[in-house]
Amino acid sequence: MYVCSCFGITEQQVREHAEQGRCTPRQIASASKAGTDCGSCVRRIQALLGRGACPRRELADRGAPGVLSAEVTALSRPGQESVRAA
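Residues numbered from 1 in each chain as written. Predicted model: local features only at pLDDT ≥ 70, side-chain atom pairs only at ≥ 80, totals over all residues. Heavy atoms only, no water.

K.L.:
Can you help me understand the overall build of the protein in this one?
P.N.:
Of the regular secondary structure elements, the protein holds five helices and two strands. Along the protein, helices (α) and strands (β) appear in the sequence β-β-α-α-α-α-α when read from the amino end. In the protein, buried positions account for 26% of the 86 residues. As displayed, the protein has an accessible area near 6100 Å², and 50% of this comes from carbon and sulfur atoms. (Helix = DSSP H or I, 4+ residues; strand = E, 2+ residues; numbered from the N terminus. Buried < 20%, exposed > 50% of the residue type's maximum accessible area, 1.4 Å probe, protein only. Areas by Shrake-Rupley, 256 points an atom, 1.4 Å probe, with all protein chains shown as cover.)

Shown next as structure tokens:
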């Protein structure tokens, strides 16, 4: 079933991106553009991602060192969107 009709992204594609470690709607958008046009699919993407079922998130929640640091470093490079602390 389609999640994002603007870009033709299916539930299966969102799940595949999540299995590859993209655990937030923003990461899904970066990988597929889903949620970047009209935005009506963002809540459905959030529902599909749920809480948990993300290997990197589970490791980070357990306190594994450096799990998310590569992502922060990549986003902090010149020409990339910078990451702000929450």
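Read on, since the account is not over.
K.L.:
Help me understand helix α2 (residues 25–32) in this model?
P.N.:
Each α-helix winds once per 3.6 residues, and so residues spaced three or four apart point in a common direction. Listed as buried for α2 are Q27, I28, A29 and S32. Once α2 finishes, K33 follows within two positions and takes phi at roughly 75°, a positive value.

K.L.:
For this particular structure, what's the right way to read the pattern of salt bridges?
P.N.:
According to the stated counting rule, one finds two salt bridges in the structure shown. R15 is the partner of E11 in a salt bridge, and the nearest nitrogen-oxygen pair spans 3.4 Å. Of the two residues, E11 and R15 both sit in helix α1 (residues 11–19), four residues apart, roughly one turn of that helix. Its relative accessible area of 12% is what places E11 among the buried residues. Judged by relative accessible area, which is 37%, R15 ranks as partly exposed. Taking the shortest distance from any N to any O, the salt bridge between R44 and E11 comes out at 2.5 Å. With R44 in helix α3 (residues 42–49) and E11 in helix α1, the pair connects residues that are 33 residues apart, well separated along the chain. (Salt bridge = Lys/Arg side-chain N within 4 Å of Asp/Glu carboxyl O.)

K.L.:
Would you take a moment to explain α1 for this structure?
P.N.:
If you check which residues of α1 are buried, you get E11, V14, H17 and A18. Across the axial projection of α1, the buried residues extend over an arc of 125°, all falling on one side. The secondary structure elements touched by the buried residues of α1 are β1 (2–4), β2 (9–10), α2 and α3. A positive backbone phi angle near 105° is found at G21, which sits one or two residues after α1. (Arc of directions from axis to C-beta. Contact = heavy atoms within 4.5 Å.)

K.L.:
What is the right way to look at unusual backbone geometry in this model?
P.N.:
Among all residues save glycine, negative phi is the norm, and among peptide bonds the norm is trans. Non-glycine residue K33 carries a positive phi angle of around 75°. Within the fold, K33 resides in the loop between α2 and α3.

K.L.:
Sorry if this is basic, but what is going on with the environment of S40 here?
P.N.:
With respect to the element layout, S40 can be found in the loop between α2 and α3. Between the C-alpha atoms of S40 and C4, which are 36 residues apart in sequence, the distance is 7.9 Å.

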